[in-house]
Amino acid sequence: MIRWTTLISAACLCLLSLASTFAADVAEQEAAHLKNIRRLTFAGSKNGEAYFSPDGKEIVFQGVREEGNPFYQIYRMELATGKTTRVSTGVGKTTCAFFHPTRNRILFASTHLDAESAAKQKEEIEKQKAGKSERYNWNFDPNFDIFEADPDGKNLVRLTDAKGYDAECAYSPDGKSIVFCSWRDGDGEIYVMDADGKNQRRLTNEKFYDGGPFFSPDGKKIVWRRFEDEAQTSSEIWIMDADGSNKKKITSLNSVSWAPYFHPSMKWIVFGSRIDDPSFDLYAIRPDGTDLTRLTFAPGFDSLPVISPDGRKIMWTSNRAENKSHIFIADLSLPDTDNTVAATQKPAEPFFADEGMFDRIRVLNDANATSRLEHSVARSFHSVGLMPFGVTENIDDTFYIYGPRITGWLPPQNKTDSVILTAALLAGNDWSPWGAATWIESIKAEVDVRAKSANAMNAAIYCTVGNSDETDSLLKSAIGDLKKENEKHPMKTAAFVSTLHLGKMRGRTLHVFGTGTGTGWRELIERIAALHPDLLIETVESPERAAELKQFTDAGIPAISFGGPDLPQEKLDEGPPRDDFAMVSASAAIHDALRLLASGEIKIEFTKYDEAAAQAAANAAKRPYLGTIPDFKAEGGDGVKLSGVRDGSPAQAAGIKGGDTILELAGKPIKTAKEYLDALESLKPGDETTLKYSRDGKADTIKIKLGAR
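Residues numbered from 1 in each chain as written. Predicted model: local features only at pLDDT ≥ 70, side-chain atom pairs only at ≥ 80, totals over all residues. Heavy atoms only, no water.

S.K.: Explain helix α5 (residues 373–384) residue by residue, including any values.
M.R.: Taking 1.5 Å as the rise per residue, α5 with 12 residues should run 16 Å; its terminal C-alpha atoms sit 17 Å apart, in good agreement. Every buried residue of α5 is accounted for by Leu373, Ser376, Val377, Ala378, Ser380, Phe381 and Val384. Gly385 occupies a position one or two residues after α5 and carries a positive phi of about 110°. (Helix = DSSP H or I, 4+ residues; strand = E, 2+ residues; numbered from the N terminus. Expected span 1.5 Å × (residues − 1). Buried < 20%, exposed > 50% of the residue type's maximum accessible area, 1.4 Å probe, protein only.)

Below is the structure:
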């Protein structure tokens, strides 16, 4: 559960190397225990602290997704579909949600009863607009109380009303008790109460902050995190009996270790710690304190881990992508837990059969090589149910061909007034026909969907396939083609979806360019990421990476492009291997995107993407950075000893090495990691300052210019 102090926030924001992708050696290190790492959340500005439902089919989490509220609210998500539902009220702040094990209820903490909630929301929004919003700091708002509600947020019941912070709550496995943290007595302590809020009693009485409690799977133990000093610079993992007796310290790492959670086998506890890196990583340890095992190695924040009820998956919060907090999930393998990672499933969609899809691509490639591609695509358009414009019967394939361009459309169902424009590319030997094949199969599937839902309201779909010389005039061509149809039945263009770059995709990663051109794109990506868990989806807000999008965004039309990054020609020529099911899944994912857009289930509203403003906002969010890695295990003497420095960092460029001890920064004496982080945070990216350090007993002072992260 989120217990983020000023120190933790500074460590996360000031010293990290944040990256959307990480080096092969890091991936190899993580693969020892984590397989099929993928991202679950894309919508909203940030998401985190997620927990599984008892059957493992849903998660509940907190996210910043509400217009007008810059603070976290509680949501649940269906893992199979990506559909989300807000559970909390939408007002104030929330945190720490948890599913009831037997009843259809959800527990969470909220400040929505605070009369100043609306004013605080407005104040924070104004700060963010002015670029004055402070770094994330968990301030133990005394207006937090604990509530229980139905999964849709109805039948809300207040369970605590004591003066002071009540949060960090979780049910016992039998659902009869709730363990939580409260500051009602002036110090953060662990409490337990009956599930209806009655019989509240305190379990810890030691000085300093105790929090983040969870019951063990058998309900007999409670695991939690205890800070060992008032400044909250060091915390350890503890276990006690459910009645508060037999308290036992599990870790002695002399670091910040927090967010512990039991494996269902009770043979392991997972938690987050900065023992090796101030950015926090995931670890596992035996309940007796042995076999400490590091799980994550990627740059950036990784913490708040939880395990699925069957013990096969681990879910956690990370900012390894986009420098934003989001939820990730992976298959988990730990010794002595009988976990067997399931094999990657082949796509089950009937219109995207593995071998058949590759065969159809090869047919198009062969046709391309003999200059018969236009007629081959036209015949395919005809066979799947696309109509040429102005023709309703006795269709001949040539009616689809306009020079090298092949165009067809699926008319609107039940006279809706919107149209989705799509485009693919036919060119060279770089497997570009994959985009055309995707649209052919997508339309076949869409026709089948519409036949089964005759009363539905579905947008028209306009498909065009052409060569690279025509990509600059896609919108102009569409307007011309649709002119007569618009005279009969006026339609508006709801969105443009491109697969011009789909043939460049290699491996599991599917790029989506232009997600900053419309509200709703991220919700769409979140949905298809859930529907196709074998894909790794990376989003790029800017439409600049896909040049064909500009003509649409200039006209106020939201536009995205699916595909892969630019690759060397030899890589494109060799094409994907026949068993590359990820490319088949990508085609199926694009069909699902088309289906969700055409049905109106996902609505996109155009937003003008301002590259300069986006870059300015990103720069404003950056923190001063030296790239030093403090050795938190070596605290206690004068200065802060470094365990290492980041490659390519300002510290490395200035000659600082692991083993050096920082004595002063910007003229401020340094004795503790907190003083070092505070001194660093007082500076700005780009500042040139002085740094005093010692090496082998000799002190030296150098000038150093701060970077930004």
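S.K.: Summarise the packing of helix α8 (residues 521–531) against helix α11 (residues 581–599); cite the residues concerned and give the values.
M.R.: A pair of packed helices can be characterised by two numbers: the angle between their axes and the separation between those axes. Closest axis-to-axis distance for the α8/α11 pair is 10 Å, and the angle between their directions is 135°. Relative to α11, α8 is oriented oblique. With respect to the hand of their crossing, α8 and α11 are arranged in right-handed fashion. Judged by residue contacts, Trp521, Leu524, Arg527, Ile528 and Leu531 of α8 engage Ala589, Asp592, Ala593, Arg595, Leu596 and Leu597 from α11. Split by residue class, the contact of α8 with α11 holds eight nonpolar, no polar and three charged. (Axes fitted to C-alpha atoms, helices over the stretch in contact; angles between N-to-C directions. Parallel < 35°, antiparallel > 145°, perpendicular 65-115°, else oblique. Left-handed = near helix turned anticlockwise from the far one by under 90°. Contact = heavy atoms within 4.5 Å. Nonpolar A, V, L, I, M, F, W, Y, C, P; charged D, E, K, R; others polar.)

S.K.: Quick one: what's the story with the sheet that holds strand β13 (residues 201–202), residue by residue and with numbers?
M.R.: As summarised here, the arrangement of the four strands in space is β10-β11-β12-β13, forming an open sheet in which the pairing is antiparallel. Whereas interior strands pair on both sides, the edge strands pair on one side only; in this sheet they are β10 (166–171) and β13. Where strand β12 (residues 189–194) meets β13, two bridges bridge the pair, whose relative direction is antiparallel. Note that in β13 the partner of Val192 across the bridge is Arg201. (Pairing = 2+ DSSP bridges.)

S.K.: Quick rundown of the environment of Leu531? Include the residues and the values.
M.R.: Of note, Leu531 is situated in helix α8. As a C-alpha pair, Leu531 and Gly82 span 449 residues in sequence and 7.1 Å in three-dimensional space. Here Leu531 is in contact with Ala80, Thr81, Asp592 and Arg595, once residues within four sequence places are set aside.

S.K.: An account of the packing of aromatic side chains is requested, with residue identities and associated values reported.
M.R.: As enumerated under the stated definition, the model contains 24 aromatic pairs in all. Pairing Tyr51 with Phe98 gives two aromatic rings, centres 5.6 Å apart and planes at 55°, and the pair type is tilted. On the criterion of sequence distance, the pair formed by Tyr51 in strand β2 (residues 46–52) and Phe98 in strand β6 (residues 94–99) is long-range, its members being 47 residues apart. You'll find Tyr51 and Phe98 in the same group, each marked buried. Here the aromatic rings of Phe140 and Trp183 are separated by 4.9 Å at their centres, their planes lie at 40°, and the arrangement is tilted. Highlighted residues: Phe140 in the loop between α3 (117–129) and β8 (145–149) and Trp183 in the loop between β11 (177–182) and β12, separated in sequence by 43 residues. Taking the relative accessible area as the measure of exposure, Phe140 reaches 17% and is therefore buried. (Phe/Tyr/Trp six-rings, centres within 6.5 Å; stacked < 30°, edge-to-face > 60°.)

S.K.: Pulling in residues and values, what's your account of the pairing of strand β15 (residues 221–227)?
M.R.: In terms of residue burial, β15 counts as a mostly covered element, since six of its seven residues are buried. Alignment of strand β14 (residues 210–215) against β15, held across four bridges, turns out to be antiparallel. For Phe215, the partnering residue across the bridge sits in β15 and is Ile222. The turn linking β14 back onto β15 is made up of five residues, and Gly219 within it adopts a positive phi angle of 75°. Inspection of the sheet shows β15 paired to strand β16 (residues 235–241) by seven bridges, in the antiparallel sense. The partner of Arg226 across the bridge, within β16, is Glu236.

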